[in-house]
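Inside the fold
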Amino acid sequence: MLKKSLTGIALWIPALMMLFALVSTAILLPWQANGESSIWVITGIAAGIILVLIMSIWGFTKLYQWKKGYFYLALGALIIVPRIIWIIWIPTHAVSDFYYYHVIASYVADNNSWTTLYDQGILFYAPYFTHILNFSKVLSTVYHIFGNSYLVGQLFNSVLTLAGTFLLFKVVKNWFPLGVAVGSSLIFALWPAYFMYSTLLATEPLFMFLFVLALFLYQQVEQHAPSFIWSLLLALTLIGLNMIRPLAVVILIAFVITSFLLRPKRKETLKRYTIVVLLFLVFLAGQSTINKLVYHIPTSNSTIGYNVFVGANEKSGGQWSEADSKTFWKLYNDNKTDASKADSALLQKGIERYQDMASNGKLTDHIITKMKNYSSESYGYDWNVYSDAPEIWYHSKIILAICNVFMYIILGLNVLAVVLALCLRKIADIYLFTLLQVGFTLSALLVEVQGRYHVPLIIGYSVIGAWGCWQLYRILVGKK
């Protein structure tokens, strides 16, 4: 009895934490637009979004039931065609990290060695932020095959979004009814801010594809008898995901906890995940050696120090600042051959900042400010404008209103879903996704924050929101 009660508590805690996070996000979500939109405009946008979602989910569900081939064709067109039109209509240029992805990938595609690029100073800060090297290496292969062009990189990200959406549909359909699978796929595909952002040369489309692939492989590990092959594939996917964005630990922990709580045979679960955890830990321990074998240049093993240091900046709200950049460059230039020293020094400075805020009673205000910056839904618009797309600046009011209203609607659906899950005692259905949402949010609030960093939450928001709609529909039509 005690064991069952403890399990119930363990299931409820992430859901309650997510509910708190959803309400906090809705309250703190910055409304960024040039000028205030009237209540009638906002109401019209909200009604339009809800109508589009309802009609799309209904239409695509009927299409799947009629002919699966047409469903996939229509879903693919919904993802690819608008993105191609946007890329052609709103031409952009690679900036910031996107610029270095493109430049480095271009040089590597032209058969230049990593050592040559390092010696010539072309890699700039990439040896410290190794995700730049890793994504550039993937991108260089694409450039080598399809052409050395920024447009090719944009189309590559669009294809990754297409593949990720198809795979998301399959993953959700393995767990939930057809309506939930269609709804979550369409919410993900139509997400306005991410739609704009996914047309740029960002790393998130690759990360999101690997994230969904990890969910699929998690399903295979769970559904089959303990299998070395499936465990190995899951471990390798998490390793690849971590090389693009260091969030694999959060995902792996969520997988293991969910399996231990929901699967009755704990010993079997232990067998399933021992190989995954061991392989992942071996990779983390040997990351320095792997980097040397792949790139043959001095690289950093971790950027956690920089991220904590910047995230603890009270004045900048946990975001990049020129003063922090100067501190980083001084430490990095002094320790180029051993970047771990620079990272350790930055980590210590970040911890001291948090200690000072805690002793001065300012830590809570700082976390609230970071939550606002983390929740910002203007990242798609901002990065398009920053990437030399001034055309959309003239329509900023309506674009940002659509992004914000869409986000509020999905947040509302998620609140509804979590409340229904708790009331109907169905929290186990969405437990993994609530755990992931809480893990992503808590880990993000410790380090540097930007609006684009909450992109991983979109998967959970889409699935939980669609599940909530389905449960509400079943209640309204009287289905048990």
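Here the structure is a predicted model, which means the values were calculated and not measured.

Of the regular secondary structure elements, the chain holds 22 helices and zero strands. For 480 residues, the compact-globule estimate of 2.2 N^0.38 gives 23 Å, and the C-alpha radius of gyration of the chain, at 23 Å, lies within 12% of that figure. In terms of its C-alpha atoms, the chain occupies a principal-axis envelope of roughly 70 × 60 × 55 Å. Looking at the chain as a whole, 54% of its 480 residues are labelled buried. Counting contacts in the chain only where the partners sit at least 6 residues apart, residues at least 24 apart contribute 80% of the total. Only carbon and sulfur atoms are counted for the fraction: they give 67% of the accessible area of the chain, which is about 21600 Å². Mean positive and mean negative side-chain charge positions of the chain (34 and 22 charges, respectively) differ by 17 Å.

Right, let's get into the UniProt feature "domain: Glycosyltransferase RgtA/B/C/D-like" (unreviewed entry) in the chain. In the numbering used here, UniProt assigns the "domain: Glycosyltransferase RgtA/B/C/D-like" (unreviewed entry) feature to residues 139-284. Secondary structure over residues 139-284 splits into 85% helix and 0% strand, and the C-alpha atoms at its two ends are 23 Å apart.

This brings us to the packing of helix 10 (residues 204-223) against helix 11 (residues 228-244). For the pair helix 10 and helix 11, the least separation of the axes is 9 Å and the interaxial angle reads 160°. Here helix 11 runs roughly antiparallel to helix 10, going by the angle between their axes. Handedness of the crossing formed by helix 10 with helix 11: left-handed. Contacts from L206, F207, L210, F211, L213, A214, L217, Y218, Q220 and V221 of helix 10 reach helix 11 at W230, S231, L233, L234, T237, L238, G240, L241 and I244. Among the residues making up the contact of helix 10 with helix 11, the classes are represented as 15 nonpolar, four polar and no charged.

A word on the packing of aromatic side chains. Per the stated rule, a full pass over the model turns up 45 aromatic pairs. Plain terms: the ring middles of F71 and Y72 are 5.3 Å apart, the flat faces sit at 75° to each other, and that makes the pair edge-to-face. Given the relative accessible area of 31%, Y72 is considered partly exposed. Relative to W89, the ring of W86 has its centre 5.8 Å away and its plane inclined at 85°; by these criteria the two rings are edge-to-face. With a gap of three residues between them, W86 and W89 both fall in helix 3 (residues 68-89), about one helical turn apart. Among the aromatic side chains, those forming a connected cluster through ring pairs are Y99, Y100, F124, Y125, Y128, F129, Y306, F328, W329 and Y332.

This part takes up helix 7 (residues 150-175). The end-to-end C-alpha separation of helix 7 is 38 Å, in line with the 38 Å expected for 26 residues at 1.5 Å each. Where helix 7 begins, one side-chain oxygen reaches toward the backbone nitrogen of L151, 3.1 Å away; that side chain belongs to S149.

In this structure the tally under the stated criterion is five salt bridges. The partner of E204 in a salt bridge is R452, and the shortest N-O contact between them spans 3.8 Å. One end of the pair, E204, is in helix 10; the other, R452, is in the loop between helix 21 (427-444) and helix 22 (457-476), and 248 residues separate them in sequence. A residue is classified by how much of its surface remains accessible, and R452, at 8% relative accessible area, is buried.

Rules and cut-offs
- Residues numbered from 1 in each chain as written.
- Predicted model: local features only at pLDDT ≥ 70, side-chain atom pairs only at ≥ 80, totals over all residues.
- Heavy atoms only, no water.
- Helix = DSSP H or I, 4+ residues; strand = E, 2+ residues; numbered from the N terminus.
- Rg over C-alpha atoms; globule rule 2.2 N^0.38 Å.
- Buried < 20%, exposed > 50% of the residue type's maximum accessible area, 1.4 Å probe, protein only.
- Contact = heavy atoms within 4.5 Å.
- Areas by Shrake-Rupley, 256 points an atom, 1.4 Å probe, with all protein chains shown as cover.
- Lys, Arg positive; Asp, Glu negative; His and termini not counted.
- Charge placed at Lys NZ, Arg CZ, Asp CG, Glu CD.
- UniProt positions renumbered as here; feature names shortened; annotations may be inferred.
- Axes fitted to C-alpha atoms, helices over the stretch in contact; angles between N-to-C directions.
- Parallel < 35°, antiparallel > 145°, perpendicular 65-115°, else oblique.
- Left-handed = near helix turned anticlockwise from the far one by under 90°.
- Nonpolar A, V, L, I, M, F, W, Y, C, P; charged D, E, K, R; others polar.
- Phe/Tyr/Trp six-rings, centres within 6.5 Å; stacked < 30°, edge-to-face > 60°.
- Expected span 1.5 Å × (residues − 1).
- Polar contact = N/O pair within 3.5 Å; in protein donor to acceptor, adjacent residues only side chain to side chain.
- Salt bridge = Lys/Arg side-chain N within 4 Å of Asp/Glu carboxyl O.

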